[in-house]
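One-letter residues, chain by chain:
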Amino acid sequence: MPKDLDQYLLDTFEEALRGHYIQVYYQPVIRTLTRRACSFEALARWDDPVHGMIQPDSFIGLLESHRLIHKLDSYVILKVCKRLRQTIDEGFCPIPVSVNLSREDFEMCDIFSIVDSHVSEFRLPHHFLHIEITESMFADNPELMRTVIDRFHAAGYQVWMDDFGSGYSSLNVLKDYTFDELKVDREFISAFHLRSRQILTSVTEMAKDLDLHTLMEGVETEAQFQFLRDIGCEKVQGYLFGEPMPYDRLIDHLRRIGVPLELPKDHVYYDMIGRVNVLSASPFMSVEQRFNLSNARELNSIPLSIVEVCPDTTRFLFYNASFENIIIKTQWGSAIIDPKACGATSTASLPRRIYTMLEETKVSGDAKLYFVSDSEYYVIQSRLIAAKDDAYSVLLRLDNLSQNTDVSRMNTLDTEMRHIYSVFDRITLLELGEDRITPLYVGTHDEKVASSDGIQNAVELYAKEWIFGEDQEIFLRYYEAASMDERIAESGRSCIVDYFRTLNQHGQFSWKQYLLIRFRPSCVFSVIRDADEDVQVMRQRFLTMYPSKPRGELTHGRLWKSLIQSDIGRLYWKDDQRRYVGASKGFLDYLGLSSIRSILGKTDEEIGWHLLSDHVLHNDESVLREGAVIQNVPARFISGGVERNVRYSSTPVYNEYGHVIGLVGSLSDQESSDASRPDHADPMRHDGLTGLLNARGIDEALSVYCDMYYLRRIDFLRVHITVEDYDSITMQYGFSHGDKVLSALGAALSRLYGNDALVG
Ligand code: C2E
Ligand code: MG
Ligand code: MG
């Protein structure tokens with residue numbers, strides 16, 4: 001009969017594919033942390049009109065040996081992609097599906113391209129399809145496997161190792177190839193005795209150390225589930241949560257047993273949590289930190305050692321880094337680490353007590369010793385490991401019990417420290433060597449100085465925002481990291497001080513004292529506090545000591561300087577060729593320019609600043625050639641990707657011979673105060689989310705561009721950018737996430753191109 005069945009299956013295989021006798025069943029994978037279904041596995045079934053339901057065991061191997069399996073797998077992959085697309089189209093959020101591949105798939109066809117073309121055809125995000133492969137597939141052609149796995153990875157698919165532990169080379173394959181998830185063979189859980197539980201525990205730990213997710217197959221009982229959850233195994237699959245079944249039936253089934261589907265946005269979140277190794281003695285250590293460990297003794301955070309006691313000596317056979325950390329910090333520690341100190345002849349009281357404890361351990365198997373040293377509480381626990389005629393060895397664990405007391409003392413200190421803080425505006429730690437800046441305390445202003453971009457950047461940002469324009473240059477020099485150490489050292493004291501006018505919370509500049517205190521090489525506290533009083537006192541003293549001419553005269557230079565450094569005037573000036581020579585801070589701010597550099601020496605046309613620049617040109621010419629004064633002429637500037645309606649005025653600048661050498665102009669809003677700022681932009685022409693032009697705004701602008709082209713042959717370029725994955729982004733992560741993508745893209749485009757192009 002089996003022989004006949006084999007032949008029958010081979011004969012009717014093509015027909016079974018065509019007639020859809022071959023079906024895809026799905027089995028849920030459950031996340032142990034949440035008891036939600038986080039993926040499905042696609043498994044083939046052959047529902048034959050003659051023989052009824054046939055299980056994979058009867059046909060997978062057969063198709064493999066007759067080199068037909070790739071046809072089945074391509075068919076399953078196509079069905080799975082169709083199913084995912086259908087779910088999306090019905091408005092649901094699917095969870096990923098894993099498909100099984102066979103070795104022959106890699107040899108008979110370009111399986112990667114088949115998967116990838118179906119995924120593209122149905123417009124699916126790549127992480128919706130996972131690839132399962134087994135270790136036996138690596139036996140014959142490891143290089144081919146590596147190439148294909150790399151291609152899957154590069155394209156964004158997860159590759160899982162199926163049936164881990166079922167073959168002879170599981171560990172070798174793990175060593176040589178990168179996988180995302182380990183599916184442990186169900187043999188390990190089906191025999192649920194101590195040894196298999198220990199193996200599962202170790203495999204889970206190992207997988208986490210290798211940064212692999214863990215999935216246990218064949219989970220049939222609640223007890224198995226609980227055990228797996230407790231050892232930190234992330235996912236389970238098995239009859240406990242459902243056997244493989246048709247998709248619709250599975251969805252019903254999960255609803256009935258109260259197992260919801262995981263939301264896509266939670267995948268990454270729980271995957272991150274799953275990386276924590278709850279069994280580890282050093283769970284705070286990340287996988288990366290583990291990799292960087294130079295020394296295995298650092299792996300365990302519990303202070304451990306093994307002591308061997310011989311009649312005339314006592315010595316440590318082993319101690320780990322945390323143990324060493326405690327004992328080298330203490331006097332008694334160095335005493336017990338000294339082989340003789342701990343011996344029977346020792347007179348020091350603590351080593352003596354430790355020795356007594358060791359002897360007690362030898363007799364009773366274990367012991368405990370509490371003691372106080374340097375006003376810290378310790379406990380040593382011991383256990384006899386082995387003994388022979390003339391020696392025995394004891395495992396020691398040493399804990400500092402006063403660490404809790406430390407915490408409460410720290411808290412009191414912290415409260416006291418706060419009084420100190422209140423005197424200062426801001427305390428910042430500068431680590432010059434590492435180029436790191438860390439705000440320790442920020443008083444009056446809520447904002448934080450960014451620490452990630454290095455000291456220079458943070459200082460520049462701060463200066464720009466808070467320091468009075470005239471003081472900025474000295475300020476930057478004062479905070480220059482490269483020379484700071486040296487300057488403080490040169491001062492002969494551990495600190496230097498300077499005063500800068502700083503914007504206060506009322507929007508005015510007041511004097512502040514900036515102290516740089518060096519407490520060890522390359523480490524500096526920057527401390528800022530009010531200096532108004534100091535400065536008043538100093539000024540008083542100065543004035544009485546050196547009476548002189550009034551220093552506060554309103555010279556032209558001073559007036560002009562304050563005007564262009566303020567926000568009140570949006571001023572610009574051009575040379576007689578209409579090229580920008582300079583502009584006030586207000587002008588630059590208004591048009592969103594960070595410096596004059598980008599427009600210096602250019603005309604309006606060269607900057608591409610206007611849609612219709614004719615009248616600007618015309619008016620500038622009459623100012624420069626005829627000495628005309630232009631007042632409040634409307635114009636439109638492109639800025640931030642949108643047009644702004646402004647009015648401008650300009651007047652000629654004369655030299656001492658009365659020749660016009662340039663012009664100075666000012667901008668004002670056409671509408672009332674802030675009406676043309678992008679965030680208050682005309683809602684009819686602007687998009688509420690991004691502040692850029694909406695469809696209508698683009699249409700209007702485009703017609704102007706077209707006119708310019710037909711009338712004057714001025715070229716323009718229209719660029720369309722499509723976010724291909726936008727639909728799947730909103731579908732998976734919600735509209736707010738899609739909005740974020742659009743806003744970020746819009747902001748980037750208007751930052752890059754918004755000064756000479758419209759962005760919609
Ligand atoms: P697999 O990939 O390891 O699939 C898991 C197998 O374990 C499935 O058997 C599933 O029904 C079974 N199983 C799941 N939970 C439990 C449980 O709690 N207890 C027990 N005793 N069994 C459980 P199935 O569907 O018979 O598939 C057998 C194997 O056939 C699969 O092993 C896979 O290697 C292969 N296979 C199935 N479908 C395909 C396919 O479309 N393509 C390829 N290449 N191989 C497939
Ligand atoms: Mg599988
Ligand atoms: Mg399996």
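Since the structure is predicted, the reported quantities are computational estimates derived from the model, not experimental observations.

1. Some remarks on the overall build of the protein chain
Across its full length, the protein chain carries 28 helices and 24 strands. The proportion of buried residues among the 760 residues of the protein chain is 42%. Long-range contacts, defined as pairs at least 24 residues apart, comprise 54% of the intrachain contacts of the protein chain with a sequence gap of at least 6. For the protein chain, the computed accessible surface area is about 41500 Å², with 53% contributed by carbon and sulfur atoms.

2. Topic: the coordination of the magnesium ion (ligand 3)
Coordination of the magnesium ion (ligand 3) by the protein comes from Asp162 (OD), Asp163 (OD), Glu217 (OE) and Glu217 (OE), over a distance range of 1.9 to 2.7 Å. Expressed as a motif, the donor residue spacing for the magnesium ion (ligand 3) is D-D-x53-E. A separation of 3.8 Å is found between the magnesium ion (ligand 3) and the magnesium ion (ligand 2), which share Asp162 as a coordinating residue. The class for Asp162 is buried, based on a relative accessible area of 6%.

3. Observations regarding the sheet that holds strand S13 (residues 376-388)
Taken in spatial order, the 5 strands line up as S11-S10-S14-S13-S12 in an open sheet, and their pairing is antiparallel. If you trace the sheet from one side to the other, it starts and ends with strand S11 (314-319) and strand S12 (366-373), each paired once. Between one strand axis and the next, the sheet turns by 30 degrees as a mean value, whatever way the strands run.

4. Here's the deal with the coordination of the magnesium ion (ligand 2)
Taken together, Glu41 (OE), Asn100 (OD1), Glu132 (OE) and Asp162 (OD) make up the protein donors of the magnesium ion (ligand 2), found 2.0 to 2.2 Å from the metal. Here the donor residues of the magnesium ion (ligand 2) share one chain and are spaced in sequence as E-x58-N-x31-E-x29-D. Given the relative accessible area of 4%, Glu41 is considered buried. On the basis of relative accessibility, which here comes to 1%, the residue Glu132 falls in the buried class.

5. Thoughts on the packing of aromatic side chains
All chains considered together, the criterion is met by 35 aromatic pairs. Measuring from ring centre to ring centre gives 5.4 Å for Tyr478 and Tyr479, while their planes differ by 85 degrees; the resulting arrangement is edge-to-face. For the residue pair Tyr478 and Tyr479, the accessibility class agrees, reading buried in each case. Measuring from ring centre to ring centre gives 5.5 Å for Tyr580 and Trp609, while their planes differ by 70 degrees; the resulting arrangement is edge-to-face. With a gap of 29 residues between them, Tyr580 in strand S21 (residues 580-583) and Trp609 in the loop between helix H24 (604-607) and helix H25 (614-626) connect regions that are remote in the sequence. The exposure class of Tyr580 is buried, given its relative accessible area of 2%. The exposure class assigned to Trp609 is buried, which follows from its relative accessible area of 0%. Cluster of aromatic residues (ring-pair linked, three or more members): Tyr462, Trp466, Phe475, Tyr478, Tyr479, Phe500 and Tyr514. The ring of Phe225 is capped by Arg35, whose NZ or CZ atom sits 4.5 Å from the centre of that ring. The residue whose ring lies beneath Arg570 is Tyr590, and the NZ or CZ to ring-centre distance is 4.1 Å.

6. Concerning the site of ligand 1
Of all residues adjacent to ligand 1, which total 24 residues, the nearest are Asp73, Ser102, Arg186, Glu220 and Tyr239. Between ligand 1 and Tyr239 there is a distance of 2.8 Å, counted from an oxygen atom to a backbone nitrogen or oxygen. Starting from 790 Å² of accessible surface for ligand 1 in isolation, the protein chains cover 86%. Mapped onto the shell around ligand 1, the elements with two or more residues apiece are strand S2 (36-48), helix H2 (56-65), helix H3 (69-89) and strand S6 (158-164). When its residues are assigned to classes, the shell around ligand 1 shows 10 nonpolar, 5 polar and 9 charged.

7. Digging into the pattern of salt bridges
For side chains bearing opposite charge, pairing can occur when the charged atoms are close. Per the counting criterion, the structure on display carries 39 salt bridges. Between Arg85 and Asp89 there is a salt bridge, and its shortest N-O distance comes to 2.9 Å. In this pair, Arg85 and Asp89 are both assigned in helix H3, 4 residues apart and thus about one turn of the helix distant. Owing to a relative accessible area of 55%, Asp89 belongs among the exposed residues under this scheme. Note that Glu473 is salt-bridged to Arg477, the shortest N-O span being 3.7 Å. You can see Glu473 and its partner Arg477 sitting in helix H19 (residues 469-478), 4 residues apart, about one turn around the helix. Accessibility assignment for this pair places Glu473 and Arg477 in one class, exposed. Among the ionic contacts, a cluster of salt bridges with common partners joins Arg67, Arg103, Glu104, Glu107 and Asp140.

8. Some thoughts on the environment of Asp230
Mapped onto the secondary structure, Asp230 falls in helix H10 (residues 222-230). Spatially, the C-alpha atoms of Asp230 and Val278 are 8.4 Å apart, while their sequence positions differ by 48 residues. Discounting residues that sit within four places of it in the chain, Asp230 has contacts with Val278 and Leu279.

9. Overview of a nonpolar patch on the surface
Together, Tyr370, Val372, Tyr377 and Leu401 line one region of the surface with nonpolar side chains, adding up to about 420 Å² of accessible area. Here Tyr377 lies in strand S13. Given the relative accessible area of 48%, Tyr377 is considered partly exposed.

10. Digging into the environment of Asp47
Counting through the fold element by element, Asp47 comes out in strand S2. You can call Asp47 partly exposed: its relative accessible area is 30%. Counting along the chain gives 24 residues from Asp47 to Gln23, while the straight-line C-alpha distance between them is 7.1 Å. Leave out the neighbours within four places in its chain, and Asp47 touches Tyr21, Gln23, Gly52 and Met53.

11. Notes on the confidence of the model for the protein chain
Per-chain confidence: the protein chain averages 84 in pLDDT, with 88% of residues scoring 70 or above. When the criterion is pLDDT under 50, residues 342-347 qualifies, and its contacts beyond four places in sequence or with other chains add up to 14 contacts. The model gives residues 672-680 a pLDDT under 50, and that stretch makes 12 contacts with residues more than four places away or in other chains.

12. Comments concerning the side chain of Ser196
Its location among the elements puts Ser196 in helix H9 (residues 194-209). When sequence neighbours within four positions are dropped, the list of residues in contact with Ser196 reads Phe188 and Ala191.

13. What about H3?
Note: α-helices contain 3.6 residues per turn, so residues at a spacing of three or four share the same orientation. With 21 residues, H3 should reach 30 Å at 1.5 Å per residue; the first-to-last C-alpha distance of 30 Å fits that figure. Judged by how many residues are buried, H3 sits mostly within the fold: 15 of 21 residues are covered. Positive backbone phi, approximately 90 degrees, marks Gly91, located one or two places after H3.

What counts, and at which threshold
- Residues numbered from 1 in each chain as written.
- Chains lettered and ligands numbered in written order.
- Predicted model: local features only at pLDDT ≥ 70, side-chain atom pairs only at ≥ 80, totals over all residues.
- Heavy atoms only, no water.
- Helix = DSSP H or I, 4+ residues; strand = E, 2+ residues; numbered from the N terminus.
- Buried < 20%, exposed > 50% of the residue type's maximum accessible area, 1.4 Å probe, protein only.
- Contact = heavy atoms within 4.5 Å.
- Areas by Shrake-Rupley, 256 points an atom, 1.4 Å probe, with all protein chains shown as cover.
- Donors = N, O, S within 2.8 Å, 3.2 Å for Na, K, Ca; no water.
- Pairing = 2+ DSSP bridges.
- Axes fitted to C-alpha atoms, helices over the stretch in contact; angles between N-to-C directions.
- Phe/Tyr/Trp six-rings, centres within 6.5 Å; stacked < 30°, edge-to-face > 60°.
- Lys NZ or Arg CZ within 6 Å of the ring centre and 35° of its normal.
- Near = heavy atom within 4 Å.
- Polar contact = N/O pair within 3.5 Å; in protein donor to acceptor, adjacent residues only side chain to side chain.
- Nonpolar A, V, L, I, M, F, W, Y, C, P; charged D, E, K, R; others polar.
- Salt bridge = Lys/Arg side-chain N within 4 Å of Asp/Glu carboxyl O.
- Patch = residues over 30% accessible without salt bridge, like charges linked within 9 Å, V, L, I, M, F, W, Y side chains within 5 Å.
- pLDDT = per-residue confidence, 0-100.
- Expected span 1.5 Å × (residues − 1).

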